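Working through the structure, step by step
The residues making up each chain are set out below.
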Amino acid sequence: MKIDCKKIHIGIIIIGIIFIFLGAFHSNIWFDEEYSVALARHNFIDIWKIGGHDVHPILYYWMLKLVSLISEKIIILRLFSAIPIAILGILGYTHIRKDFGEKTGLIFSILTYFLPAMTIYAQEIRMYSWAILSVTILAIYAFRISKEDNIRNWVIFFLSSIFSIYIHYYGLMAAGLINLFLLFYLVKQKRKKSIIVILILGIIQLIAYIPWIVYLIMQLKHVSKGFWISFKFPDTLMELISFQFWGKLSLKFAFFISLLIYIYLTYIFIKEKKKKKDLAPCIISIVIYLTVIFSAFIVGEILKSPILLYRYLFIITGLNIFAISFLLSKVNNRILILLGSILILLTIKNEYNLIKINYESNSLAHVKYLNENIKEDDIFLFVNDESSFFTTIYYKNNKSYFYNMDEWDVEEAYKAFEPQMIMVDNLDFLNNYNGRIWLVEDEDFRLYDIVKEKYDVKFISSKKIETGYNNDTYTITLIKK
């Protein structure tokens, strides 16, 4: 009996879409997501101004604003992030299959839905899922333009390029490289009309980016002051290599699996190369993927502050998935079944861990505790602890005060949390305040000790709450002045 690959592919897509949505129906939220939700509450002009002091472009926040006009529920905003991953997997059927064969397209869809990293970042209220979709579409249509000139291909190429450069800086780097690779190819092929088109579109993209360049320069200055992240050897290297296979699994285990897989893929590559097979699409995908990583490393070295963070690799993971799919399509079905079985085991374990964390009964224990005890005129006070910003999301009618005791250079960026939150650099605002204050800290009482030393306050209660989501611990203390 002949196997209907199309029906199997469609079945995989249906199962995959259900799978990536399974863990998304919860209202837990961590700091980066809190920032997204808070910024999306502002108008479009303020999103531009405030977002310019963050570390990313603002297109995603504008998109989230449009969604929030319909609903501000955390679950709805989270489901919005899963949509592009659903679409990305469908591209395996509608585009990759048509351009590179049924086997490559099927593997692409399977990896899109079932790699551990995909289910994790498909559910975050961040720009990553939309960025990976735009970069992958850009790469697909760059390939199609290399084969055929038509208006539709150029329009989609241009729009996805604009989308990519305005949604994340890794998208900017990827789009720049894809544009350059296509330009070099067109020059090599002496396609004069196409060369003129891509140069014109490149100039338009540059002009379109001019309004943001001022903010880009300003954000780079923040990076040079250590605003972003740090490089820790060997952990960071392990994270970068094993990112797609990591998710909620052990990093060391994911690293070991990744090494085995990449060694095997290298073997396939060398074997196919000896057969003089056309590996150009695969090679270009790998080169762009690695060049973005290398560029991020170099920029970080120049700025003296690393900007190479494993989760940012999600933006270019479509290129990684395509290269893997392209190479695996060259092996026999028995090996594919073996590798597929390993992936299923990894995926089930990863999904189990993810769902356990997301739907854990105590994940919102801190919110439940406050809901049962908070009063209308109560205020919140917290210091430089990012886990405490949840008060600005869940308690819009109770004023939150962020005491910037450690003098973080975030005054402009954290205007995203206004008007629910007010940033202060001292506690003088309490001089004329009389009422109940909720002190939200992590595992210590340093804020309580500071307030108690300066003011005559009455201790009412204190509770330490540990939650599984993002491994956050809250010490919530109620006092009255």
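To start, this report covers the structure provided alongside it. (Residues numbered from 1 in each chain as written. Predicted model: local features only at pLDDT ≥ 70, side-chain atom pairs only at ≥ 80, totals over all residues. Heavy atoms only, no water.)

Moving on to the nonpolar core. Among the nonpolar cores identified, the biggest contains 136 residues, and Tyr-35, Tyr-60, Phe-157, Tyr-170, Trp-212, Ile-316 and Tyr-414 are the most heavily contacted of them. The residues contacting Tyr-60, other than those within four sequence positions of it, are Ser-36, Phe-80, Ser-81, Ile-125, Arg-126, Met-127, Trp-130 and Ile-167. Within the second largest apolar cluster, 17 residues are counted, among which are Val-383, Val-424, Tyr-433 and Val-451. (Core = buried A, V, L, I, M, F, W, Y, C linked by side-chain atoms within 4.5 Å. Buried < 20%, exposed > 50% of the residue type's maximum accessible area, 1.4 Å probe, protein only. Contact = heavy atoms within 4.5 Å.)

Assignment of secondary structure puts Asn-373 in helix H17 (residues 365-373). When the C-alpha atoms of Asn-373 and Leu-478 are compared, they prove to be 9.6 Å apart, with 105 residues separating the residues in sequence. Those residues in contact with Asn-373 that lie beyond four places of it in its chain are Asp-378, Arg-436 and Trp-438. (Helix = DSSP H or I, 4+ residues; strand = E, 2+ residues; numbered from the N terminus.)

What follows covers the packing of helix H8 (residues 128-147) against helix H9 (residues 151-167). For the pair H8 and H9, the least separation of the axes is 8 Å and the interaxial angle reads 145 degrees. When the axes of H8 and H9 are compared, the crossing they make is left-handed. Between H8 and H9, the residues in contact are Trp-130, Ala-131, Ser-134, Val-135, Ile-137, Leu-138, Tyr-141, Ala-142, Arg-144 and Ile-145 and Arg-152, Asn-153, Trp-154, Ile-156, Phe-157, Ser-160, Ser-161, Phe-163, Ser-164 and Ile-167, respectively. Among the residues forming the contact of H8 with H9, the class breakdown is 13 nonpolar, 5 polar and 2 charged. (Axes fitted to C-alpha atoms, helices over the stretch in contact; angles between N-to-C directions. Left-handed = near helix turned anticlockwise from the far one by under 90°. Nonpolar A, V, L, I, M, F, W, Y, C, P; charged D, E, K, R; others polar.)

Right, let's get into the side chain of Gln-219. Following the sequence through the fold, Gln-219 ends up in helix H11 (residues 192-224). Among the residues examined, Gln-219 registers a relative accessible area of 2% and is labelled buried. For Gln-219, the side chain forms a polar contact with the main-chain oxygen of Asp-54, separated by 3.0 Å. For Gln-219, the residues in contact, after removing those within four places along its chain, are Gly-51, Gly-52, His-53, Asp-54, Val-55, His-56, Tyr-169 and Trp-212. (Polar contact = N/O pair within 3.5 Å; in protein donor to acceptor, adjacent residues only side chain to side chain.)

Here the focus is the sheet that holds strand E5 (residues 458-466). Taken in spatial order, the 6 strands of this open sheet run E3-E2-E1-E4-E6-E5, and their pairing is mixed. Edge strands, defined here as strands with exactly one partner in the open sheet, are strand E3 (421-424) and E5. Taken pair by pair, the neighbouring strands of this sheet meet at an average axis angle of 20 degrees, ignoring direction. Relative to strand E6 (residues 473-480), E5 runs antiparallel, the two sharing 8 bridges. Across the sheet, Lys-458 pairs through a bridge with Lys-480, a residue of E6. Lying on the sheet, H17 is in contact with strand E1 (379-382), strand E4 (436-441), E5 and E6; it crosses E5 at an angle near 150 degrees. The sheet contacts of helix H19 (residues 446-454) involve E1, strand E2 (400-403), E4, E5 and E6, and relative to E4 the element is tilted by about 145 degrees. (Pairing = 2+ DSSP bridges.)

Turning next to helix H2 (residues 31-40). Helical periodicity: at 3.6 residues per turn, an α-helix aligns residues three or four positions apart in one direction. Counting buried positions along H2 yields 10 of 10 residues, so the element is predominantly enclosed. Among the residues of H2, those classed as buried are Phe-31, Asp-32, Glu-33, Glu-34, Tyr-35, Ser-36, Val-37, Ala-38, Leu-39 and Ala-40. Its buried side turned inward, H2 meets helix H3 (44-51), helix H4 (59-70), helix H5 (74-100) and helix H18 (391-394).

Read these as spatial facts, not as claims about activity.
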